[in-house]
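Summary of structural features
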Amino acid sequence: MARRIAEPYKIKSVETLSMLSYDERKESLNRAGYNTFLIDSADVYIDLLTDSGTTAMSDEQWGALMTGDEAYAGSKSWKRLESAVREVYGYQYVLPTHQGRGAENILSQLKIKQGDYVPGNMYFTTTRAHQEMNGATFVDIIIDEAHDPAVDHPFKGNVDIGKLQSLIDKVGADKIPYVCVAVTVNLAGGQPVSMENLKEVYELCKAHKIDVMFDATRCVENAYFIKEREDGYEDRTVASILKEMMSYSDGCTMSGKKDCLVNIGGFLAMNDEELYIRSRELVVVYEGMPSYGGMAGRDMEAMAIGIREAVDDHYIAHRIGQVRYLGQQLIDANIPIVQPIGGHAVFLDARAFLPHLQQEDFPAQALAAALYLDSGVRSMERGIISAGRNNETGEHNKPYLELVRLTIPRRVYTNNHMDVVADSIIELYEKRETICGLKMVYEPPTLRFFNARFAPLSENGELISEENRKMTIN
């Protein structure tokens, strides 16, 4: 029997959690229009909405905040961040941005022209929005296994080389400004890409003079999975695997709010000097000076430290292990989730959880709302609402994956919190037939999952039948 391992850190500061009654949670959910994004954080018990910017920083990071150089130009803190990116990721040129979507905006404006195609291993919401706003069509080239939550494949984030080659043959390499490879793939369930596949994609793209740009938001998690699952990497450090991974790309966008272990910030990195010069000019327009790019000096200090802390083998092993701790409890209780368990979150399969609901009834949104109502645990929808509408037909995009994401913030919760989450989900599953669908009563024109509002489809206006509810938290 394997011995249990504790967190590789100790707690030096705590924050009191809100523990609302069922009726108080019901009132909060009504105010939010059954959209978990619109629930006040003060009304949330365990917040699994996102791992973006919700990290608990280390004592060294907090200390570094006091040393931040807030100079408008030539900041010493920027030099330290630039050095960390070059050392850990290996890119030659780096530009800071306020967060990841700032980097996506600049890259899309500079690389994309009207009528282009951007292939990627499954879409991500803001990434695709920037690509489409600049005139491109996103093309999904992920392997088919990624669209089946029950398939147990070690690298469900892999690019299908045949699909990529077919797109090149169909539209021509000159219509493909770059291939966007996410490492890991969020909407597939936090699934990784193998080193072998990254090499194949890079070699194919180089043969056709197409750039490869990573969405590197959770790249450290991807490196850990390679160490675990790919032959020849089991004895390598995560840091060395990560460095090799990034060498099979021409650049990356980074949301520092995830694997850089900070609450705000990001960067755009590359090896092409010409692209760097052009990007630097747009950073001035949209973000700030190239020596701060929308971040305070103190934030850059914290990120420089976080980049190095994130590649510590003990830290990342615990990070992945905690996600698995929650996921395995759900598997043991026969709860339908995306398998294998990914890096940053456990994804509930809302189609299988609520088979009595049609996809147009927004089952993932309904399940996320029901989970909050039952226990005060906040999660988020990743399904038909996140997928948006077809630009040409106006119809809902209907992804096969209809998921609820339980995203684990880094270094924030203990496994006791995960137990509470598991208990609530298991009890909800037992009364799943009493959960009704939702109708959308307000729909924003873009990225609708952030601000859309809903109402229950039940005749009495209840999301869960009153006689079947259980007051988990009184």
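Notes on the structure follow. The structure displayed is predicted, hence computed values, not measured ones.

The next point concerns the nonpolar core. Counting 64 residues, the largest nonpolar core has Y89 and F267 as the members making the most contacts within it. If we ignore the near neighbours within four places in the chain, the residues touching Y89 are A84, C219, L242, K243, M246, M254, C260, F267 and I307. In terms of nonpolar packing, the next biggest core, distinct from the first, is built from 55 residues, I46, I341, A369 and F454 among them.

Turning our attention to the environment of E360. If you trace the backbone, E360 turns up in the loop between α13 (350-353) and α14 (363-375). With 240 residues separating them along the chain, E360 and G120 place their C-alpha atoms 26 Å apart.

Under the counting rule described, the total for this entry stands at 10 aromatic pairs. Ring geometry for F37 and F450: centres 5.1 Å apart, planes at 80°, overall edge-to-face. One end of the pair, F37, is in the loop between α1 (22-31) and β1 (46-47); the other, F450, is in the loop between β13 (438-442) and β14 (453-456), and 413 residues separate them in sequence. Both rings, one in Y89 and one in F267, keep their centres 5.8 Å apart while their planes meet at 50°; by these two values the pair is tilted. Pair noted here: Y89 is in helix α3 (residues 76-89) and F267 is in strand β8 (residues 266-270), with a separation of 178 residues, a long-range link. The rings of F37, F449 and F450 are connected pair by pair, giving a single aromatic cluster. Against the face of Y400 rests R351, its NZ or CZ located 5.1 Å from the ring centre.

For the rest of this paragraph, the subject is the layout of surface pockets. Of the pockets and cavities examined, the largest pocket occupies roughly 1,200 Å³. For the largest pocket, the lining is made up of 36 residues, of which S13, A56, M57, R411 and V412 are closest to its centre. With three residues, helix α2 (residues 59-65) is the single largest residue contributor to the lining of the largest pocket. Roughly 940 Å³ of internal volume is contained in the second largest pocket. Every residue lining the second largest pocket is counted, 36 residues in all, and those nearest its centre are R128, E132, A387, R389 and N397. Contributions of two or more residues to the lining of the second largest pocket are made by α5 (125-133), β4 (137-140) and α15 (384-387).

This next bit is on helix α10 (residues 273-286). Between the first and last C-alpha of α10 there are 20 Å, a value that for 14 residues agrees with the 20 Å anticipated at 1.5 Å per step. Those residues of α10 that fall on the buried side of the exposure criterion are L275, Y276, S279, L282 and V283. Viewed along the axis of α10, the buried residues span an arc of 130°, placing them on a single side of the element. In α10, those exposed residues whose orientation departs by more than 90 degrees from the buried face are E274 and V285. Summarising the contacts, the buried residues of α10 are in contact with β2 (93-97), α4 (100-111) and β8. One side-chain oxygen of the residue at the start of α10 lies 2.9 Å from the amide nitrogen of E274, identifying that residue as D272.

Okay, the sheet that holds strand β9 (residues 345-349) next. Reading across the sheet, the three strands line up as β9-β12-β11 and stay open at both edges, with antiparallel pairing between neighbours. Among the strands making up the open sheet, the edge pair consists of β9 and β11 (380-382). Averaged over neighbouring strand pairs, the angle between their axes works out to 35° when direction is ignored. Sheet topology note: the β9/strand β12 (residues 403-407) ladder contains five bridges and is antiparallel. Directly across from F347, in β12, lies its bridge partner R405.

Before going further, it helps to spend a moment on the pattern of salt bridges. Per the stated rule, a full pass over the model turns up 29 salt bridges. Ionic pairing is found between D51 and R218, a salt bridge with its closest N-O pair at 2.7 Å. You can see D51 sitting in the loop between β1 and α2 and its partner R218 sitting in the loop between β6 (211-215) and α8 (219-229), a full 167 residues away along the chain. As a salt-bridge pair, E244 and R236 come within 3.1 Å of each other at their nearest N and O atoms. Salt bridges linked by common partners bring D51, R218, E221, D259, R319 and R410 together as one network.

Two elements in contact, α14 and helix α16 (residues 415-430), have axes whose closest approach is 10 Å; the angle formed by their N-to-C orientations is 115°. Judged by the inter-axis angle, α14 sits roughly perpendicular to α16. Handedness of the crossing formed by α14 with α16: right-handed. Every residue of α16 that contacts α14 at A370, L371, D374 and S375 is listed here: S424, I425 and L428.

Analysis parameters
- Residues numbered from 1 in each chain as written.
- Predicted model: local features only at pLDDT ≥ 70, side-chain atom pairs only at ≥ 80, totals over all residues.
- Heavy atoms only, no water.
- Core = buried A, V, L, I, M, F, W, Y, C linked by side-chain atoms within 4.5 Å.
- Buried < 20%, exposed > 50% of the residue type's maximum accessible area, 1.4 Å probe, protein only.
- Contact = heavy atoms within 4.5 Å.
- Helix = DSSP H or I, 4+ residues; strand = E, 2+ residues; numbered from the N terminus.
- Phe/Tyr/Trp six-rings, centres within 6.5 Å; stacked < 30°, edge-to-face > 60°.
- Lys NZ or Arg CZ within 6 Å of the ring centre and 35° of its normal.
- 1 Å grid on protein atoms, 1.4 Å probe; cavity = no way out; pocket = protein on both sides within 12 Å on 5 of 7 lines; lining within 4 Å.
- Points joined across faces, edges and corners; volume = space filled by probe spheres on them.
- Expected span 1.5 Å × (residues − 1).
- Arc of directions from axis to C-beta.
- Polar contact = N/O pair within 3.5 Å; in protein donor to acceptor, adjacent residues only side chain to side chain.
- Pairing = 2+ DSSP bridges.
- Axes fitted to C-alpha atoms, helices over the stretch in contact; angles between N-to-C directions.
- Salt bridge = Lys/Arg side-chain N within 4 Å of Asp/Glu carboxyl O.
- Parallel < 35°, antiparallel > 145°, perpendicular 65-115°, else oblique.
- Left-handed = near helix turned anticlockwise from the far one by under 90°.

Geometric values such as these leave the question of function open.
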